[in-house]
Amino acid sequence: MTYDITILIRQAKAGDTEAFGTLYESMARDLYRFALYSLGSEPAAQDAVQEAVLSAFRGIAALRSDDAFRPWMFRILRNACRKSLRQGFGARAESLEERFTEIAANDPPLGRALEVRQAIASLPEGTREIIIMHVLEGYDSREIGRMLGCPPGTVRARLSRAMATLRKELDET
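Note that the structure is predicted; figures quoted are calculated from it, not measured.

Overview of the packing of aromatic side chains
Going through the model one piece at a time under the given rule, you end up with four aromatic pairs. A centroid spacing of 5.7 Å and a plane angle of 85° characterise the contact between F34 and F74, whose relative ring orientation is edge-to-face. Placement of the pair is F34 in helix 2 (residues 17–39) and F74 in helix 4 (residues 69–86), with a sequence separation of 40 residues. Taking the relative accessible area as the measure of exposure, F34 reaches 0% and is therefore buried. For F74, a relative accessible area of 0% gives the class buried. Relative to Y139, the ring of F74 lies with its centre 5.7 Å away and its plane at 80°, an arrangement referred to as edge-to-face. One end of the pair, F74, is in helix 4; the other, Y139, is in the loop between helix 7 (125–136) and helix 8 (141–148), with 65 residues separating them in the sequence.

Criteria and thresholds
Residues numbered from 1 in each chain as written. Predicted model: local features only at pLDDT ≥ 70, side-chain atom pairs only at ≥ 80, totals over all residues. Heavy atoms only, no water. Phe/Tyr/Trp six-rings, centres within 6.5 Å; stacked < 30°, edge-to-face > 60°. Helix = DSSP H or I, 4+ residues; strand = E, 2+ residues; numbered from the N terminus. Buried < 20%, exposed > 50% of the residue type's maximum accessible area, 1.4 Å probe, protein only.

Here it is, written out as structure tokens:
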């Protein structure tokens with residue numbers, strides 16, 4: 001199905017729930033993946049996405065620029081993830097190593113994937129978000145900068161440092 005995002009945004013701002021639903025569907029996978037990597041657990045990620053989508057639906061009329069919809073959604077989700085972590089609902093309390101050690105021992109490729117996931121989870125929050133958005137979601141530094149509210153040069157610098165940290169950490173394992 002092809003659709004014009006700008007038209008959908010305008011319809012959603014006017015109260016069209018179907019248009020908002022189509023907008024959500026167009027980025028649901030990206031939102032969920034961001035929340036999953038930010039929080040480390042499926043239930044927490046689902047809750048954060050649900051909270052973010054509800055908040056976005058309630059506040060879409062205040063969206064100033066139609067071009068800003070995607071970054072706006074990610075900022076709302078980022079805040080929902082932070083709230084979840086502050087409240088202790090993220091999987092940070094559970095070690096990924098404890099959850100997956102047995103599975104990883106029986107499946108080396110899965111074990112390596114879990115090492116990568118754990119290495120990403122160990123990064124500082126802002127850096128982790130940049131890695132998730134760039135490596136997993138494919139956004140460039142300009143798009144990430146818009147979503148996180150920082151200059152593209154800052155995004156590139158943090159991305160470079162984070163990639164070096166990940167390489168070092170994963171080479172040691």
